[in-house]
Amino acid sequence: MTGPDAPAALRATGLGFRYRRRAAWPLRDCGFTVPTGRVVALVGRNGAGKTTLLHLAGGLLRPSAGELRVLDAEPGSPEARTRVALLTQDKALYPRFTVADTLLMGEKLNPRWDGATAERTVREGGIPLHARVGELSPGQRTRVALALALGKRPELLLLDEPMADLDPVARGGIMAALMADAAERGTTIVLSSHVLPDLEQTCDWVLLLRDGRIELSEDVDALRGDHVVLTGHADRADELAARHTVVDRRDGGRQTTALVRRHGPLSGDWHVERPSLEDILVGHLRTGSDPGGRTEEAA
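Residues numbered from 1 in each chain as written. Predicted model: local features only at pLDDT ≥ 70, side-chain atom pairs only at ≥ 80, totals over all residues. Heavy atoms only, no water.

### As for the side chain of Glu 218
Then comes step 1: Assignment of secondary structure puts Glu 218 in strand β9 (residues 213–219).
Then comes step 2: Of the polar contacts made by the side chain of Glu 218, one reaches the side chain of Arg 261; its length is 2.5 Å.
Then comes step 3: Setting aside residues no more than four positions away along its own chain, Glu 218 makes contact with Trp 205, Val 206, Leu 223 and Arg 261. (Helix = DSSP H or I, 4+ residues; strand = E, 2+ residues; numbered from the N terminus. Polar contact = N/O pair within 3.5 Å; in protein donor to acceptor, adjacent residues only side chain to side chain. Contact = heavy atoms within 4.5 Å.)

### Notes on the sheet that holds strand β5 (residues 84–87)
What links the strands of a sheet is backbone hydrogen bonding, and the strands pair in either a parallel or an antiparallel sense.
Then comes step 1: Taken together, six strands build an open sheet; the order of strands is β5-β6-β7-β3-β8-β9 and the sheet is mixed. Only two strands of the sheet have a single neighbouring strand rather than two, namely β5 and β9. On average, each strand axis in the sheet is tilted by 15 degrees relative to the strand beside it, whichever way the strands run.
Then comes step 2: Relative to strand β7 (residues 188–192), strand β6 (residues 156–160) is paired through five bridges, and the arrangement is parallel. Of the residues in β7, the one forming a bridge with Leu 159 is Leu 191. (Pairing = 2+ DSSP bridges. Axes fitted to C-alpha atoms, helices over the stretch in contact; angles between N-to-C directions.)

### A look at the packing of helix α4 (residues 115–123) against helix α5 (residues 138–151)
Then comes step 1: α5 packs onto α4 with a crossing angle of 160 degrees between their chain directions and a minimal axis gap of 8 Å. As judged from the angle between their axes, α4 and α5 are roughly antiparallel. The crossing of α4 and α5 is right-handed. Note on element contacts: α5 touches α4 through Arg 143, Ala 147, Leu 150 and Gly 151, opposite Thr 117, Ala 118, Thr 121 and Val 122.
Then comes step 2: Residue composition of the contact of α4 with α5, by class: four nonpolar, three polar and one charged. (Parallel < 35°, antiparallel > 145°, perpendicular 65-115°, else oblique. Left-handed = near helix turned anticlockwise from the far one by under 90°. Nonpolar A, V, L, I, M, F, W, Y, C, P; charged D, E, K, R; others polar.)

Structural measurements only, silent on function.
As structure tokens, this is what we get:
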């Protein structure tokens, strides 16, 4: 249920943002709805506008055009601040504070503070409460920042590349903590990440940004069901494009391989495979100005 009357964690209409001294718009004419209770993969190439969108949703920036609502409230409003948590890339913490001091600060600033969850998140990372934040590794600081965010008991958790500085084991621990919170509390999580394999088993909604505009805002299962990878004779490629959306196409000699979004049944002699979510996202991100997304390979 994603209509205009459905409960929404995020809803944008004509959303745009431009920095005052720059002519370019990092975001322009964005319209989308993200239902509540979803784990959302926010993906896009560098400069696509992901951080700008999260900062708008977190109330750090104000739109230059259009509207964005979070949990049916204005971002940055008193109502939104108590219900939304944003973990930015810089993970702003006080380096001279101990971990215990940091969690105490979270308790003082948040009326719905959940100390047990915050402390458990820290302890599961093997981080002593007496350690000073400035002496922690980047991965440990990430976990402390996440403990602050989860301790707030947000209904909407916004995460901007939270695991960029973590090794695979640490990333797995962080993802497990996020999934547990989503399962136990129904928290909506919006996760910006370039590590697409981490999103495959955890996210059930996709927001894909390209050049400042939303290209996809959809349920993951629906995306998987609509997309196929087809391999066949290159002479049939134009016929295929006339009936379906060719997202990405690679030609090699007489053979073509295409990521296709189907519009009805397939016809013709094609070898059909089911793509992974990563295949789908990479295909949409790779597509250039050519509507067919065509790239040439050596025969």
